[in-house]
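Residue strings, one per chain:
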Amino acid sequence: MKTEIIKIDVNNIDKTGIRYAAEVLRSGGLVAFPTETVYGLGANALNETAVKNIFVAKGRPSDNPLIVHIADKRDVNKLVTYIPECAHILMQEFWPGPITLIMEKSNLIPLSVTAGLNTVGIRMPSNAVAYELIKESGVPVAAPSANTSGRPSPTNASHVIEDLYGRVDVIIDAGNCSVGVESTVLDTTSSPPVIFRPGGITFEQLEKVLGRVSLDPAILTERKGDFVPKSPGMKYKHYSPKGQVIIIEGALHDVVSKINELIDEYSSKGLRVGVMATNQTSSGYQGAEVISLGDRENAAEIAANLFKVMREFDEKETDIILAESVSSSGIGLAIMNRLSKAAGYNIIKV
Ligand code: TXA
Ligand code: MG
């Protein structure tokens, strides 16, 4: 398949490019586009064939439901059977923005979008290019992250090109995603609502607005045996780097000493070792490929760099990736959730 790459300046949006991509969407094609969280791979959510093609292009298991993206809050009315009170509040407070609200779906949404579930996740992204594209297309847009299944989510167009060039019709290149981790997925059908996936809107922000919010237990700890996750996506190992990720958790000084000890141990076995560090610590390691995620005091910066750094370690074919843990408050919960999954919950406490 021929893939067209369309460059769009988010501060000066070229309507011709948007109109072209919107027409591709409307007519059943696949368009990768930026959102504030990560790039999405969009298709007309009302077109079953187009939706199925998303699963093919990504190599995504068909039991993992897609999020439906809209550009006008009023569109929710036709996509769901009813809007729970808490969803009303959250739409008002956080849309457009990085939170996906799960509600009971209406008959308009094909079951291929929701992987057979009777609920649908809906979100209104705040990225201006996403907004213009969805609005211009005139249809709800089903979109998972625009990576091949099992790779880190793409936070710029080059990541999308790496994974999906030749497999989709259009890739819109509009620079870096500002948040860098995916949206929060919140089930609004239960009371209190449950966070299935932590993301751009934090637990603390939700608690402040709603009073009570639960966290699905699968967020930071491994669930084994016959546990069936509420959100199908949570059972998949999202990012399987070529190397083994190990998280080291504890007081920072101890973490740095432990990582240096592990660098020696693994390199003496002839393995290529990498460290996922922060600005405060990166000069404290010897004998490894060190990449900083950013300022330890700036969790938003770390979130924005996380997936890009994971891809950099893949390119360097690092065998062992030693990752410093960060605080799991605020956006840190999403960072530690993605890191824990990448590590297969391999965490050393010091
Ligand atoms: O930020 C984001 O959410 C990005 C951008 C493109 O919007 N999208 C994204 O989609 O991350 P995806 O498909 O990579 O992740 C969607 C997650 C999956 O874990 C899926 O299982 C869950 O949301 N999900 C979607 N619909 C659901 C539903 N009805 N019930 C439970 N979980 C659902
Ligand atoms: Mg994804």
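Here the structure is shown first, and the text comes after it.
All of the points below concern the structure found in this document. (Residues numbered from 1 in each chain as written. Chains lettered and ligands numbered in written order. Predicted model: local features only at pLDDT ≥ 70, side-chain atom pairs only at ≥ 80, totals over all residues. Heavy atoms only, no water.)

1. Notes on the overall build of the protein chain
1) Next: Looking only at helices and strands, the protein chain features 11 helices and 16 strands.
2) Next: For 350 residues, the compact-globule estimate of 2.2 N^0.38 gives 20 Å, and the C-alpha radius of gyration of the protein chain, at 20 Å, lies within 12% of that figure.
3) Next: Its C-alpha atoms give the protein chain principal-axis dimensions of about 60 × 45 × 40 Å.
4) Next: Among the 350 residues that make up the protein chain, the fraction classed as buried is 55%.
5) Next: The contacts of the protein chain with a sequence gap of at least 6 include a subset with a gap of at least 24, amounting to 67%.
6) Next: Looking at the protein chain as shown, the accessible area adds up to about 14,500 Å², and 48% of this sits on carbon and sulfur atoms.
7) Next: Each charge sign in the protein chain was given a centre, from 35 positive and 40 negative side chains, and these centres are 4 Å apart. (Helix = DSSP H or I, 4+ residues; strand = E, 2+ residues; numbered from the N terminus. Rg over C-alpha atoms; globule rule 2.2 N^0.38 Å. Buried < 20%, exposed > 50% of the residue type's maximum accessible area, 1.4 Å probe, protein only. Contact = heavy atoms within 4.5 Å. Areas by Shrake-Rupley, 256 points an atom, 1.4 Å probe, with all protein chains shown as cover. Lys, Arg positive; Asp, Glu negative; His and termini not counted. Charge placed at Lys NZ, Arg CZ, Asp CG, Glu CD.)

2. A few points about the packing of helix H1 (residues 15-26) against helix H6 (residues 128-137)
1) Next: At a minimum axis separation of 8 Å, H1 and H6 run at an interaxial angle of 55 degrees. The pairing of H1 with H6 is recorded here as oblique in orientation. For H1 against H6, the interelement crossing comes out right-handed. Between H1 and H6, the contacting residues are Lys15, Ile18, Arg19, Ala21, Ala22, Leu25 and Arg26 on the first element and Val129, Glu132, Leu133, Glu136 and Ser137 on the second. (Axes fitted to C-alpha atoms, helices over the stretch in contact; angles between N-to-C directions. Parallel < 35°, antiparallel > 145°, perpendicular 65-115°, else oblique. Left-handed = near helix turned anticlockwise from the far one by under 90°.)

3. As for the environment of Gly166
1) Next: Mapped onto the elements, Gly166 comes out in the loop between helix H7 (157-164) and strand E8 (170-173).
2) Next: Residue Gly166 is classed as partly exposed on the basis of its relative accessible area, which comes to 27%.
3) Next: Put simply, Gly166 and Thr3 are 163 residues apart on the chain and 5.3 Å apart in space, counted from C-alpha to C-alpha.
4) Next: Not counting residues up to four positions away in its chain, the partners in contact with Gly166 are Met1 and Thr3.

4. With respect to the sheet that holds strand E3 (residues 40-44)
Within a beta sheet, neighbouring strands are joined by backbone hydrogen bonds and run either parallel or antiparallel to one another.
1) Next: Strand order in the open sheet made by the 11 strands is E1-E8-E2-E3-E7-E4-E6-E5-E9-E10-E11, with mixed pairing throughout. Either end of the sheet is taken by a strand with one partner, and the two such strands are strand E1 (4-7) and strand E11 (214-215).
2) Next: Summarising the sheet, strand E4 (residues 67-69) and strand E6 (residues 119-123) pair through three bridges and their orientation is parallel. Paired with Val68 across the two strands is Ile122, which belongs to E6.
3) Next: Across the face of the sheet, H6 comes into contact with strand E2 (31-33), E4, strand E7 (141-142) and E8 while running at roughly 145 degrees to E2. (Pairing = 2+ DSSP bridges.)

5. Points about the environment of Glu315
1) Next: Residue placement: Glu315 occurs in helix H10 (residues 299-315).
2) Next: A relative accessible area of 59% places Glu315 in the exposed class.
3) Next: C-alpha of Glu315 to C-alpha of Lys242: the two residues are 73 residues apart in sequence and 9.0 Å apart in space.

6. Topic: unusual backbone geometry
1) Next: In the segment running from Trp95 into Pro96, the intervening peptide bond is cis, with an omega of -5 degrees.
2) Next: Within the secondary structure, Pro96 is located in the loop between helix H4 (85-94) and strand E5 (99-104).
3) Next: Note the cis peptide between Ser191 and Pro192, where omega equals -5 degrees.
4) Next: Positive phi values are uncommon outside glycine, yet Tyr345 reaches one of about 60 degrees.

7. Some remarks on the nonpolar core
1) Next: Membership of the largest hydrophobic core comes to 65 residues, with the highest contact counts inside it found for Leu41, Val76, Trp95, Leu101, Leu133, Ile172 and Leu206.
2) Next: Membership of the second largest hydrophobic core comes to 26 residues, among which are Tyr239, Met310, Ala342 and Ala343. (Core = buried A, V, L, I, M, F, W, Y, C linked by side-chain atoms within 4.5 Å.)

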